[in-house]
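# Topology and contacts: notes
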Amino acid sequence: MIGEDLPVFTDPDPGMIDLPKERSDPGIAARVHRAKGKARLISAMKQEAAREILPALPEPGYHYHIVSNGKSDFWTWIPVIAGYMGTVEEFYASTWSLNRANTTELLDLIDRGRIRKATVLTGLYFKRRETAVYATLVEGLLRRGQRYRALPIHAKISLLGNEEHHIVVEGSANWTHNPQIEQYVITDDPEIYAFHRAWMEEVCRRKERTRR
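An account of the accompanying structure is given in this report.

Cut-offs and rules
- Per chain, residue numbering runs from 1 following the sequence as it is written.
- The model is predicted, so local features are restricted to residues of pLDDT at least 70 and side-chain atom pairs to those at 80 or more, both for listing and for counting; the totals for chains, interfaces and linings are taken over all residues.
- Side-chain figures throughout are based on the complete set of non-hydrogen atoms in the structure, without hydrogens or water.
- Whether two aromatic rings pair depends on their centres lying within 6.5 Å, for rings of Phe, Tyr and Trp, where Trp uses its six-membered ring; planes under 30 degrees apart make the pair stacked, over 60 edge-to-face, and the rest tilted.
- Under the scheme used here, helices are H or I runs from DSSP no shorter than 4 residues and strands are E runs no shorter than 2 residues, and both carry numbers assigned from the N terminus.
- A 1.4 Å probe rolled over the protein chains alone gives each residue an accessible area, and that area as a share of the maximum for its type sets the label: buried under 20%, exposed over 50%, partly exposed in between.
- A pair of strands is considered paired only if DSSP assigns at least 2 bridges between the two.
- Every axis in this analysis is a line fitted to C-alpha atoms, fitted for helices over the stretch in contact. Angles between the N-to-C directions lie between 0 and 180 degrees.
- Any two residues having at least one pair of non-hydrogen atoms within 4.5 Å are treated as being in contact.

A few words on the packing of aromatic side chains. As enumerated under the stated definition, the model contains seven aromatic pairs in all. A centroid spacing of 5.0 Å and a plane angle of 55° characterise the contact between Trp75 and Trp175, whose relative ring orientation is tilted. You can see Trp75 sitting in the loop between β1 (63–68) and α2 (77–85) and its partner Trp175 sitting in the loop between β6 (166–171) and β7 (182–188), a full 100 residues away along the chain. Summarising the burial analysis for this pair, Trp75 and Trp175 share the class buried. Between the aromatic rings of Tyr134 and Tyr148, the centroid separation amounts to 5.8 Å while the plane-to-plane angle is 65°, which identifies the pairing as edge-to-face. Of this pair, Tyr134 sits in helix α5 (residues 131–143) while Tyr148 sits in strand β4 (residues 147–151), and the two are 14 residues apart along the sequence. Neither Tyr134 nor Tyr148 differs from the other in exposure class; each is buried. Cluster of aromatic residues (ring-pair linked, three or more members): Phe74, Trp77 and Tyr184.

Right, dumping it as structure tokens:
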């Protein structure tokens, strides 16, 4: 399963918008810089807390059932687990929506070679309502030879696989800050991994067929 060649879709969705152009005003640039720095700090603190809860990858067949206090989101687990794995050969993810900070961190993991192949599915709400973040995600993934699909979906599942591990993360949260109680299940199980990978692949192939 791991290492199979995934088709690369280089044709952007017709609904994709252009990225907002950079502003030259130094005051605006400074505020943006400070905001990014704060986002990185918050992300690091969330990941530190996540490592305390999940100090290592689960043993095969064991399941971590976690209830959060709303101070983190689904994405928090991804860089932590990727760090334990070393290299994620393939990454599949579905979420209803996500924010810019998590989008940037996903693209950074790809750029640093921590994630080799990525397939991301999001809900249509994200495409229609978060147009600037949507453009950043789609353009960023396609430029890196990765896959993206927008469709009617509300499932929140991530798969991180390599030759040794088949990590499945299931939960109620999106990839956005949401101060509510959320739940997650984290396991290393090739059968569960294959089950979710199969339907995500089918969604992608069905979408590809409709374009021909």
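A word on the sheet that holds strand β3 (residues 115–123). Backbone hydrogen bonds hold the strands of a sheet together, and the pairing may be parallel or antiparallel. Ordered in space as β1-β7-β6-β5-β2-β3-β4, the seven strands form an open sheet in which the pairing is mixed. The sheet terminates laterally at β1 and β4, the two strands that pair on one side only. Taken pair by pair, the neighbouring strands of this sheet meet at an average axis angle of 10°, ignoring direction. Judged from the five bridges that link them, β6 and β7 form a sheet pairing that is antiparallel. The partner of Glu170 across the bridge, within β7, is Val185. Of the strands in this sheet, β1, β2 (88–95), β5 (157–161), β6 and β7 touch α2, which is tilted by about 15° from β5. Its contacts with the sheet put helix α3 (residues 100–111) on β2 and β3, and the angle it makes with β3 is roughly 160°.

Let us now look at the environment of Thr176. Position of Thr176 among the secondary structure elements: in the loop between β6 and β7. Along the primary structure Thr176 and Leu98 are separated by 78 residues, whereas in three dimensions their C-alpha atoms are 5.0 Å apart. With sequence-adjacent residues up to four places away left out, Thr176 is seen in contact with Asp73, Ser97, Leu98, Asn99 and Asn102.

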